[in-house]
Every structure is written in structure tokens, then in C-alpha cells.
Amino acid sequence: MRKLKCILLLSAFTLGSSFVHAQDNAALLDILVKKKVISDQEAEEVRADLVKEYTAVPAGKINISAPVKELRIYGDTRLRYEYRGAKSETNSNDSVEADRFRYRLRIGMDLKLTEDWFVGVRVETASGGRSTNVTMGPNGNGSGGSTTGPWNKSNNSIYLGQAYVKNSSLPWLTVIGGRMPNPLVTSPMVWDPDINPEGFAQQLKYSFGPFESSEKPSADGKGTVAASEPSPLTLDIFGNFGEFVYDSGYKQNSFGSATPSYNDIFLIALQSGAKLNFDKSTSLQVAPTLYLYTSTKTTDYVGAANVYSGAPGGNQYGINDLEILDIPVEFDWTMAGLPFRLFGEFADNLQAAERAKQAETVATVKAAKIGGQNIAWQAGLGINKIKKKGDWELMGYWQTSEQYSLDTNLIDDDVFDSHLNTQGPVVKAGYALTDAVSLSLSYNYGMIIDNKLGTGGYAGLNGATSNPATKSYNLIQMDLNVKF
Amino acid sequence: MKKILSIVSTLTLAATLVHAETLIIKGSDTLGAKLVPQLAESFKAAHPDISFKIAAEGSSTGFAALISKTTDIGMSSRRAKPAEMSDALSNGVNLKPTIVAYDGIAVIVNSANSVKSLTKKQVEQIFTGEVKDWSGVGGQPGPISIYTRNTASGTYADFAELAMKKRNYAGSAQKMAGNEQIASEVGKNANGIGYVGMAYLKAAGIKAVAVDGVIPSLVSVNSKAYAYSRPTFYYTNGTTAGAAKAFVDYTLSSTGQKIVEQVGFVPVK
């Protein structure tokens, strides 16, 4: 009996340390009873002893509800030093600078449920949609000191970053609802990676291949054999569709009002794409996407700043007249044992002329250049990827984002301080100290494209209004990333 | 001399009182409503100095009493949960199971119901509320009324595991305190369905339906051919001694196992 118990305990811990194994070993015990190796009573005693011994270890104390098939807990913590600076267009000696020591925490939980349901939850620091960073030593008063004492916790709240439900009952269709990780193929030029859109999404995917070769008669002439090895070529066709609730217009109507006051605003994303895999490491992916905004004529996002809100240097963050065609492209291959990635993206706001015209209605900017400014693009190269201890990676690209080309509320605020009408280089390097800990350094320098126009954008160094015209932006970030 | 006799008689009485032992047994209604009282009665005939206190309010209550050391024997129709094992260990109690009988959880319907057999899938669908009308499982149209045990019951947990893949019971299910109450309600309700231990199949107005073509019986439970077969247990704090050991041994004796069979359970030997 003691020997049997030892064997069962050993098997329980070797088979993936799942407490289910240790708790029960029911199948093995049942077989032993069936074969009359042990009696029912002996099996019960072994079962009870196994549970007792397992409940003595920490994992045995965890109780997970029955519908959960698999639970994954993950997260990361990041320490960051950041410098942001902007130079004035009008006064070469004037600049605005900000440096911060920051940290962030994200803890997530993926729950695979029965019958192809899935729930994802992630909590994270910082309330903003485009940031998970907390600044060390709250500097809200801007004078370098805190009015509420050192290290108060007023900016340390934990927020719900993701909470979504997913179903993939059909192998080619996944349906998602809630606050979700971005379901689209995209880049920081269009979407800040910290944004988790709220709404609904559908992902379709169908794969073709590998393709069989033609057949030829076999050597003995009795049958057929493949003429050559099967082709490694495969093709994935996919479609990602998002109906994101951009701004909920509660209430749509009210007593005493003849016409609706507010409308819900949806951002509709229609993406279709293909990935051609030439072999395991070489592939080409294209994912044309159309972004549409509903109801923007009757109400505006966050206040009424659908046009310039200040002098020519002023910013704008309205979402009127945006109909963006975006085409991200990526080519991956391996050379000298290293993975390479050549990537690019091209976006065109098909309503840029109208958006520019709206901007022109503000008297103070009538002199500004109108027309054009509808294109955003980037092109770059990435070498190697961080996966384990000792790995390194390098990435660099050029980005141009014209003034009326993109939704400035979505673009990455870590590139050109979240402003449009800028262009310049972006570089990033990383090195893994351990499998879980890595260092990264990134730098970008954004130059204003047209100094008669604003730079778009709500956030960043200059805020929404009253900023002087800017000539360039500098941004340096040094990170220590710990994943768990 | 009188004084000496008086002292001797007092000491004898005191010794008798000290020797009289009360055996406390708590837990499963499946075991405690019929089987254990009958075993106790029979046992007392040979051990008149031992009295019994039996409380049959569900297997969970038996484990709770064992952990708080307020019972000698815990009756259970299910295995101890890991949390109960853990609680017991931290209280210095070593839960030791002894199989005393086998049982089949019989799915019962009103005897007027035309349904005679259900598949395991249909049983799951009914008790989880996926199928709400008897016409959905080949019966006469009528809304299905579900009767289950309450959450303190081992049978409640066992049935969820054996028959429902641990899914939740239908929200409309009515929770009953014991097997007899379930049998009584199903006997009165033409659209009723519930489950009881085999010992309760003799109640009026009910019948057991076959599950995947097998009716719960001594043979089908013993061979484990019946899908909802299960062992039932006495749990004690380690190896027992005294009256508790005597009663456990008696239950497993041929006399005890005869009573097990007479009551409607399947003997272990």
C-alpha cells in the first residue's frame, strides 16, 4: 500500500503538478480495483491519503470553479525613465522639457471555460486609456513637490484594463465582447498598444495548405506516389471586424426635447487580410483596413474641439471627417540565423480635405496651408526578437503622420509625444537579462511637417490648447521590464 | 457492614454510569435516515450499555462535526472534499474513510409518467434546465419540475459530478432536506423528477427510470454497470477504538451487511 501511494503521489506531481491528479488519480485507482489488485476500501484509503498530502502544499489549497478548464495568470512590471522635450518654433531658445521616473503593473487572468468560451481579465495601473504608467513622487502641482506628502497613493489606483468574453465555437470564427485587447493587425502609428477598445469584434480566419504535390506512377507501376515533397506554402485568409463604442451618448433623448441631443458614436473597423507563409520563417502579410466613424456630424468626441481650439499652434482632437484607409504590410524572413522583419504602413484619410476645410473655418488659421495633409506612413526594419535570456533586438523606422491623416486620440503617445503633423526616426533596442527580465531603450525625434498648422492631439507636453507652435519633439525611454 | 454495602453499591452504580457510552453519529441523510438507525437498534441488542445520538442532516454536517470533534462517526454519501481534509488536518483530525455500503442514485419520476428510460445526456439536460418540458425527452407535454437535495447533501454534490459534469443545477430546481421529501414530492407531482438513494425507491407514487438502459439494482450497482453508482462511507478520526470501532466493525459484519441489503443498499461483501 505504501509503495502504491508513493507511485501515485510521484505520478501526480510528475504529470504537470496538476492538483487534479493528486486529488484523485481516479482513473488509475479504478483500473487497479477493476483488476482486483486492490480493494475498493484500499483505493479509498489511498485516495484520502493523496488528498491529505496534497492539501498540505499551497497548490492544493486553490479551488477553481468547475466550468474553468484552464486558468492562466500572467503579468508584468516595468520601471521607466522617460524624457520628453519640445522646442518652440518661434523662439529657438525656448523649450518645454519633462523627465519622469515611472512604473507600471499589469496582472491578467485568462480563463478557458467549457464549450469554447473564454474570459479575459486584466487589471493595471493608471486611469488613462493610452498609458499604464504611474509617475514616482506625484508631481501634479508641477512645482516639483507633492501637496499631499511624499509617496501618497492617490495616483496608484488599480483599474480594469481588460474584461472581455470570447467564444470560438466555430473553428473559423471568434466573437469577442467587452473591453478587449486590440483585435486588429495594426501598429503604433494608428493605435497606441496600451489602448484596449470597448465594444464588439469578430475575427474570421481560414487556412489553406500545405499543398500536396502532384502524383506520379510508383516504381513498381502498381500505384502512384507523390511527385515531390509537399509544398511548405500555406495561406491564411483573415478578416477582423470591430464595432467599438467610441462615445456613448446617454441619453439619446430627454423629456421636453424635440430632437435627440446625443448619439452613440461607433468606430467601425473593417479589416481583411492575408498571410502567405513561404516556409516556417518566411511570410508576407497584408491587412487593408477601413476605419469609419458614425454620428460625428451631430455630436463630437470629448467636448466640441472638432476644429482648432487655439492659435495656429493649437491642437485638435475631434473625430469629424475621418474615413481612414490603412494598409499595414510586413515581410518576415530569416538570415544568418536571425529573424528579420521589414514592415511598413500606409494610411490615407479619405475625408482629409473636408477635415482641413473645417479647420479653416477658424479665422485665426485661415492663413494655414489647406489641402493635402491626408497621408501617414511608416517603413522600417526589425532584427531579432527577445524570447529568452541573452536575446537582443533592434528596430528602427521612419514615420510621417500628416495633420489630417489619422485619429489623434488613438495614436501612440510614446511616439512624437502623440502628435500629428510630425515626421522623424524611431529607434528601439532591447536585451534580455534573464528569460523574464529585459532592458530596452527607445528614442524618437519628431519634426514638424508644416509649421503653419497645429500638431493635433489631446495629450502630451502641450495639452489641448494654448501651446506655442512647436518645431520638434524628443522622446527617450529607458525600461526595465519584468514579465511573470 | 451496612455502610460497606452502601459504599460498594454506590461504586457499582458509578462504575455502570461511567461505562455507559453514547455514540454520536452525524452526517448523511441517505445513510442516517434509515440504515444507520436500524444498524444502531440491532447493535444495541448486543450492547445495551451503548446509546446512540444520530443526526442525519447531510454529509457536510458530518464532516463539520468530525472536524470540530463533536461526533464519533461522520456518515457521508460522498468523499471528503480537499478543503474538508485540509480543515481536518489543521484541527488535528485525520479523516479516515470506511466504505460501508454501495448505493445507486436513482432518477425517479412520478409513476404516471410515460417516460421509462433516459440517456445520461437527457438527465444532464433536465437537471441543468436545458430541457424544460417532458416532450423534449419523449414524454407527454408538461413542464418538468425538478427536485434536488440541498447543498449540505453529499448526494447533491455526487449527482452534480456523476450526472451533470459538475454543471450548475437549473435555477428552478427545488431543494429538499432529504430523500423522503424528494420521493414524496415526485410522488405527488405528475411532472416531477428527482433523485434518491436506492433505499427510498419503495415510496408511493414514484418509479426509477433506466439510465442508458440500466435500472439501479443490487446487481447493476455492484457491477458498476449503473452510471450513478457510488460508495457510501463512515468517516472517523483515524483508526477508531471503543464503541465507535465496535459499531464500524458491526456494520461491516455479516449481520450488519444483511441489514444494509434489507434497507435497500448494496452490501460491500
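Not measured: the values here are computed from a predicted model.

(A) How the structure looks around the overall build of chain A. Helix and strand counts for chain A stand at five helices and 20 strands. Out of the 484 residues in chain A, the part that is buried amounts to 28%.

(B) Local environment of the overall build of chain B. Secondary structure assignment for chain B yields eleven helices and eleven strands. Looking at chain B as a whole, 46% of its 269 residues are labelled buried. Across chain B, contacts joining residues at least 24 apart in sequence account for 73% of those joining residues at least 6 apart.

(C) Highlighting the interface of chain B and chain A. Counting residues at the interface gives 14 residues for chain B, matched by 15 residues for chain A. Of all the secondary structure elements, the ones that give two or more residues to the side of chain B that touches chain A are α5 (82-90) and β4 (95-110) of chain B. Across the side of chain B that touches chain A, the residue classes break down as nine nonpolar, two polar and three charged.

(D) Quick peek at the pairing of strand β11 (residues 229-237) of chain B. Residue and element names in this part refer to chain B. Burial runs high along β11: nine of the nine residues are buried. Residues Ser229, Pro231, Phe233, Tyr235 and Asn237 of β11 are buried on one face, and the alternating residues Arg230, Thr232, Tyr234 and Thr236, pointing to the opposite face, are buried as well. Of the pairings in the sheet, the one linking strand β3 (residues 73-76) to β11 comprises three bridges and is antiparallel in character. Within β11, the position partnered with glycine 74 by the bridge is tyrosine 235. The sheet contact formed by β4 and β11 spans nine bridges and is antiparallel. Along β11, the bridge assignment pairs isoleucine 99 with phenylalanine 233.

(E) Looking closely at the environment of A:Asn481. Residue and element names in this part refer to chain A. Summarising the element assignment, asparagine 481 is placed in strand β20 (residues 470-483). In this structure the C-alpha to C-alpha distance between asparagine 481 and alanine 436, which are 45 residues apart in sequence, comes to 8.0 Å. Not counting the four nearest positions on each side in its chain, asparagine 481 is found in contact with Asp76, Arg78, Ser438 and Ser440.

(F) Quick peek at unusual backbone geometry. Residue and element names in this part refer to chain B. One non-glycine residue, lysine 166, lies in positive phi territory at about 65°. With respect to the element layout, lysine 166 can be found in the loop between α7 (154-163) and β7 (174-176). Located in the positive-phi region is aspartate 212, a residue other than glycine, with phi close to 50°. As for its position among the elements, aspartate 212 is in the loop between β10 (210-211) and α9 (218-222).

(G) Examining the confidence of the model for chain A more closely. Taken over all residues, the pLDDT of chain A has a mean of 82, while the share at 70 or more is 79%. Every residue in residues 363-369 of chain A is under pLDDT 50, and counting partners more than four places away or in other chains gives 14 contacts.

(H) Looking closely at the pairing of strand β19 (residues 437-448) of chain A. Residue and element names in this part refer to chain A. The pairing of strand β18 (residues 422-432) with β19 spans nine bridges and is antiparallel. When the bridges of β19 are listed, glutamine 423 appears paired with methionine 447. The turn linking β18 back onto β19 is made up of four residues. In this sheet, β20 lies alongside β19 in antiparallel orientation, the contact comprising eleven bridges. From the neighbouring strand, methionine 447 faces β20, where its bridge partner is serine 472.

(I) Looking closely at the packing of helix α3 (residues 35-46) of chain B against helix α11 (residues 254-263) of chain B. Residue and element names in this part refer to chain B. Where α3 contacts α11, the axes come no closer than 10 Å and their chain directions differ by 145°. For α3 against α11, the interelement crossing comes out right-handed. Contacts between α3 and α11 involve Leu35, Gln38, Leu39 and Ser42 on the former and, on the latter, Thr255, Gly256, Ile259, Val260 and Val263. Tallied by class, residues from the contact of α3 with α11 come to five nonpolar, four polar and no charged.

(J) Structural view of α5(B). All names here are of chain B. Where α5 is concerned, the buried positions are Pro82, Glu84, Met85 and Ala88. Projected onto a plane normal to the axis of α5, the buried residues spread over an arc of 160° and lie on a single side. A positive phi of about 75° marks glycine 92, the residue just after α5.

(K) Here's a closer look at helix α4 (residues 59-67) of chain B. Residue and element names in this part refer to chain B. The buried fraction of α4 amounts to eight of the nine residues, a majority that puts the element mostly inside the structure. Residues of α4 that are buried: Ser59, Ser60, Thr61, Gly62, Phe63, Ala65, Leu66 and Ile67. Buried-residue contacts for α4 involve β1 (21-27), β3, α5, β4, α7 and β11.

(L) Broad picture of the confidence of the model for chain B. All names here are of chain B. Summary statistics for chain B give a mean pLDDT of 89 and a share of 93% for residues scoring 70 or more. Within chain B, helix α1 (residues 2-19) has the poorest average pLDDT of any element, 48, and β3 the best, 96. A low-confidence stretch, residues 8-18 stays under pLDDT 50, and its non-local contacts, those more than four residues away or across chains, total zero contacts.

(M) Structural view of the nonpolar core. Counting 76 residues, the largest nonpolar core has B:Leu35, B:Leu66, B:Ala101, B:Val107, B:Ile108, B:Val186 and B:Phe265 as the members making the most contacts within it. Of all the elements, β4(B) adds the most residues to this core, at nine residues. Ignoring anything within four residues of it in the chain, the contact list for B:Leu66 reads B:Thr71, B:Gly74, B:Ala88, B:Val93, B:Leu95, B:Tyr235 and B:Asn237. Counting 24 residues, the second largest nonpolar core, distinct from the first, contains A:Val185, A:Ile319, A:Ala376 and A:Leu410.

(N) Layout of the environment of A:Met395. Residues and elements named next belong to chain A. Tracing the backbone shows methionine 395 in strand β17 (residues 392-401). Methionine 395 sits in the partly exposed class, given 18 other C-beta atoms within 10 Å. Taking C-alpha positions, methionine 395 is 6.4 Å from alanine 429, a pair spaced 34 residues apart along the chain.

(O) Representation of the packing of α4(B) against α5(B). Residues and elements named next belong to chain B. Two numbers describe how α4 lies on α5: the axes approach to 9 Å, and their chain directions differ by 15°. Of the possible angle classes, the one that applies to α4 and α5 is roughly parallel. Crossing angle aside, the handedness with which α4 passes α5 is left-handed. Facing Phe63, Leu66 and Ile67 of α4, the residues of α5 in contact are Glu84, Asp87 and Ala88. By residue class, the composition of the contact of α4 with α5 is four nonpolar, no polar and two charged.

(P) Representation of the environment of B:Lys245 within the structure. Examined against the element boundaries, B:Lys245 turns out to sit in helix α10 (residues 242-252). As a C-alpha pair, B:Lys245 and B:Asp72 span 173 residues in sequence and 9.6 Å in three-dimensional space.

Analysis parameters
Residues numbered from 1 in each chain as written. Chains lettered and ligands numbered in written order. Predicted model: local features only at pLDDT ≥ 70, side-chain atom pairs only at ≥ 80, totals over all residues. Helix = DSSP H or I, 4+ residues; strand = E, 2+ residues; numbered from the N terminus. Buried ≥ 20, exposed ≤ 12 C-beta atoms within 10 Å, placed from the backbone. Contact = placed C-beta atoms within 7 Å. Nonpolar A, V, L, I, M, F, W, Y, C, P; charged D, E, K, R; others polar. Pairing = 2+ DSSP bridges. pLDDT = per-residue confidence, 0-100. Axes fitted to C-alpha atoms, helices over the stretch in contact; angles between N-to-C directions. Left-handed = near helix turned anticlockwise from the far one by under 90°. Arc of directions from axis to C-beta. Core = buried A, V, L, I, M, F, W, Y, C linked by C-beta atoms within 7 Å. Parallel < 35°, antiparallel > 145°, perpendicular 65-115°, else oblique.

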